[in-house]
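What follows is the residue order along each chain.
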Amino acid sequence: MDRIVIRGGRPLSGRIQISGAKNAALTLMPCALLTDEPLTLRNLPRLADIDTFGHLLNGHGVSTTIEGSHPGEFGRVMTLRANRITSTVAPYDIVRKMRASILVLGPLLARTGEATVSLPGGCAIGNRPIDLHLKALETLGAEIELAAGYVRAVAPKGLTGARVTFPTVSVGATENAVMAAVLARGTTVIDNAAREPEIVDLCRCLKRMGAKIDGIGSERLTIEGVAKLHGATYAVMPDRIETGSYACAAAITGGEIELVGADASHLGATFDALREAGLACAATADGIRVSRANGLHGVTVSTAPYPGFPTDMQAQFMAMLSVADGASLLTETIFENRYMHVPELARMGADIAVRGRAAVVRGVAGLVGAQVMATDLRASMSLILAGLVAKGETVVNRVYHLDRGYERLEEKLSGVGADIERLSDG
Ligand code: UD1
């Protein structure tokens, strides 16, 4: 298994190209199931999760063709075509690798009137149920049963527009509801919809495919179903979590990085917190420049649905704040078990006390390199960040988590001066 070795202590400086957003790509790819015409996605990141989702779609009869890069763009171009759906079953072996597989449920049901998807089960950051996805599809007329670890949804006469009111904000459930409603008969109103930029990306792509959606970016989406969608070409938005993670790398090392291709408009709460901690952030012609001239200060941050501070940035912030002046208070309100990185950061010398959903981080003068491993993607990135500032050598194990969500991580970080390499066993 691969490991990443970092010798910390170098301030980073230079340019990092930001990739297409993983979480946007994972909701744009299943849109191909909604039409028999080709959907071409540009700026797709090269990531394990994208490959896995491609395999899942292949199993439903979707052809996927990679056509290299679009001029002036970093990511790949992929054309997906679901001429005919050959299977409506998403099997356990793929779903267990990637929870986002649940996002085929809405579009398969809308296109064919049936879908059978393995239940994703628990994962490293908590229980993560799918009740809101199922409730929304039931409201649109699906009949749902759970058996033998699978959820089976059928709508023999098609889906019908309805009012879907989410009791809590869910990104994935909103995405499934939107992808189902675009082909339903009549009008669907989704209240308390998630407003994440990835959902805006999804709605824009669907509009380009012929869907009728109003209220994009707000908590109420109104969707008028259409009989058919057509093909389209769409460029995936830049990854706001990758952007925020590299901004933390500049902050923790006292460096200056230009995040090329980043979109500041998606990063309000993240940059507010970074500024408060002492990072300077400024728009440039190509993206955003972040730099830290002076010290880092402790801050109080609570995760919340967009436009609040993203839960996907919590672990990276914690690493950064572990070497700030003074104490910080982090509160995780989205997932109940998302502090798995704390004991690993503590092994590197961080002083963090967790009580329930709150974590108090007391800044220390420095971290010390160690052998560490993490159980999820963002937690792994927090250990990379800690390694960048730690004295001596840090070895981050279980690198496959990072490969799911950070494109060419070592290349991007060594390009700005980090001493980082990947070691493969054997
Ligand atoms: C997505 C992101 C993930 C991010 C999360 C929150 C993708 C592929 N993943 O995950 O990176 O951390 O949004 O921004 O885009 N919930 C229920 N019932 C449900 C669905 C969710 O109770 O049916 C709860 C969850 O347990 C959690 C909260 O709602 O406490 C938010 O989860 P949700 O927004 O659905 O996250 P995901 O879509 O899984």
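Further up the page is the structure itself.
Residues numbered from 1 in each chain as written. Predicted model: local features only at pLDDT ≥ 70, side-chain atom pairs only at ≥ 80, totals over all residues. Heavy atoms only, no water.

Engineer: Explain the overall build of the protein chain to me, please; I cannot follow it from the model alone.
Structural biologist: What the protein chain contains, in helices and strands, is 14 helices and 24 strands. Counting only C-alpha atoms and orienting by the principal axes, one finds that the protein chain spans roughly 65 × 45 × 45 Å. The buried share among the 426 residues of the protein chain stands at 55%. Restricting to contacts in the protein chain with at least 6 residues of sequence separation, those with at least 24 account for 74%. Accessible surface for the protein chain amounts to roughly 16000 Å². Of this, 49% is attributable to carbon and sulfur atoms. Of the charged side chains in the protein chain, 43 are positive and 44 negative, and the gap between their average positions amounts to 2 Å. (Helix = DSSP H or I, 4+ residues; strand = E, 2+ residues; numbered from the N terminus. Buried < 20%, exposed > 50% of the residue type's maximum accessible area, 1.4 Å probe, protein only. Contact = heavy atoms within 4.5 Å. Areas by Shrake-Rupley, 256 points an atom, 1.4 Å probe, with all protein chains shown as cover. Lys, Arg positive; Asp, Glu negative; His and termini not counted. Charge placed at Lys NZ, Arg CZ, Asp CG, Glu CD.)

Engineer: So what exactly am I meant to see when it comes to the site of the ligand here?
Structural biologist: Near the ligand you find 17 residues, and of these Asp131, Leu132, Ser170, Asp312 and Ile334 are the closest. Serine 170 is positioned with one of its side-chain polar atoms (N or O) 2.6 Å from an oxygen atom of the ligand. Here an oxygen atom of the ligand and a side-chain polar atom of aspartate 312 are 2.6 Å apart. When isolated, the ligand has an accessible area of 740 Å², and the protein chains bury 82% of it. If you list the elements that add at least two residues to the shell around the ligand, you get α5 (131-139) and α6 (171-181). Element by element, the count of residues in the shell around the ligand is highest for α5, at three residues. Of the residues belonging to the shell around the ligand, the class tally is eight nonpolar, five polar and four charged. (Near = heavy atom within 4 Å. Polar contact = N/O pair within 3.5 Å; in protein donor to acceptor, adjacent residues only side chain to side chain. Nonpolar A, V, L, I, M, F, W, Y, C, P; charged D, E, K, R; others polar.)

Engineer: Which parts of the structure should I look at to understand helix α8 (residues 240-253)?
Structural biologist: Because an α-helix completes one turn every 3.6 residues, residues spaced three or four positions apart along the sequence face the same direction. Here α8 spans 20 Å end to end across 14 residues, near enough to the 20 Å set by a 1.5 Å rise per residue. In terms of residue burial, α8 counts as a mostly covered element, since 14 of its 14 residues are buried. For α8, the N-terminal cap is aspartate 239; the gap from its side-chain oxygen to the backbone nitrogen of isoleucine 241 is 2.9 Å. (Expected span 1.5 Å × (residues − 1).)

Engineer: Before we go on, may I ask you to explain the side chain of lysine 412 in this structure?
Structural biologist: Inspection of the secondary structure puts lysine 412 in helix α14 (residues 409-414). Sequence-distant contacts of lysine 412, that is, excluding residues within four places in its chain, are made with Ile16, Gln17, Ile18, Ser19, Phe74, Glu242, Tyr246 and Glu407.

Engineer: Can you help me understand the packing of aromatic side chains in this one?
Structural biologist: Here the distance between the centres and the angle between the planes together describe a pair of aromatic rings. The full count for this structure, using the stated rule, is one aromatic pair. Consider the rings of phenylalanine 309 and phenylalanine 317, whose centres lie 4.8 Å apart with planes at 75 degrees: the pair is edge-to-face. Overall, the relative accessible area of 6% leaves phenylalanine 309 in the buried class. (Phe/Tyr/Trp six-rings, centres within 6.5 Å; stacked < 30°, edge-to-face > 60°.)

Engineer: Teacher, can you tell me more about the environment of threonine 116 here?
Structural biologist: Its location among the elements puts threonine 116 in strand β7 (residues 114-118). Taking the C-alpha atoms as reference points, threonine 116 and glutamate 224, separated by 108 residues in sequence, lie 26 Å from one another. Those residues within four positions of threonine 116 in sequence are excluded, and the remaining contacts are Thr88, Val89, Ala90, Tyr150, Val151 and Arg152. A distance of 3.1 Å separates polar atoms of two side chains, one belonging to threonine 116 and the other to arginine 152.

Engineer: Would you take a moment to explain the nonpolar core for this structure?
Structural biologist: Side chains that are nonpolar tend, in soluble globular proteins, to be buried together. The biggest cluster of nonpolar side chains holds 79 residues, and the ones touching the most others in it are Phe53 and Leu206. Top element by residues in this core is α6. It accounts for six residues. If sequence neighbours within four positions are ignored, phenylalanine 53 has contacts with Leu26, Met29, Pro30, Met98, Ala100, Ser101, Leu103 and Val104. Grouped together as the second largest cluster of nonpolar side chains are 69 residues, Ile241, Ala247, Ala250 and Ala251 included. (Core = buried A, V, L, I, M, F, W, Y, C linked by side-chain atoms within 4.5 Å.)

Engineer: Quick question: what am I supposed to make of the pairing of strand β11 (residues 187-191) here?
Structural biologist: Where a strand is regular, its side chains alternate between the two sheet faces. Counted residue by residue, β11 has four buried out of five residues, so it is predominantly covered. The sheet contact formed by strand β10 (residues 163-165) and β11 spans three bridges and is parallel. The residue of β11 that forms the bridge with threonine 165 is aspartate 191. Once the chain exits β10 it traverses α6 before rejoining the sheet at β11, and the crossover so formed is right-handed. In the sheet, β11 pairs with strand β13 (residues 220-224) via five bridges, with the strands oriented antiparallel. (Pairing = 2+ DSSP bridges. Right-handed = clockwise from strand over helix to strand, strands pointing away.)

Engineer: Sorry, what's going on with the sheet that holds strand β24 (residues 419-423) here?
Structural biologist: The pairing of strands in a sheet happens through backbone hydrogen bonds and is either parallel or antiparallel. With respect to topology, four strands assemble into an open sheet ordered β22-β23-β1-β24, the strand pairing being mixed. Two strands bound the open sheet, and with one partner strand each, they are β22 (371-373) and β24. For this sheet, the mean inter-axis angle between neighbouring strands, taken without regard to orientation, is 25 degrees. Bridging between β22 and strand β23 (residues 393-397) involves three bridges; their strand directions are parallel. In the sheet register, methionine 373 faces β23, and the bridge partner there is asparagine 397. Seen against the sheet, helix α12 (residues 377-389) touches β1 (3-7), β22 and β23 and runs at an angle of roughly 30 degrees to β1. (Axes fitted to C-alpha atoms, helices over the stretch in contact; angles between N-to-C directions.)

Engineer: Hey, could you run me through the sheet that holds β7 in this one?
Structural biologist: With respect to topology, four strands assemble into an open sheet ordered β6-β7-β9-β8, the strand pairing being mixed. The strands lining the two open edges of the sheet, one partner per strand, are β6 (89-90) and β8 (143-147). The pairing of β6 with β7 spans two bridges and is classified as parallel. Looking at β7, one finds that valine 89 is bridged to threonine 116. Along the sheet, helix α4 (residues 105-112) contacts β7 and β9 (150-154); its crossing angle with β7, the most-contacted strand, is approximately 155 degrees.

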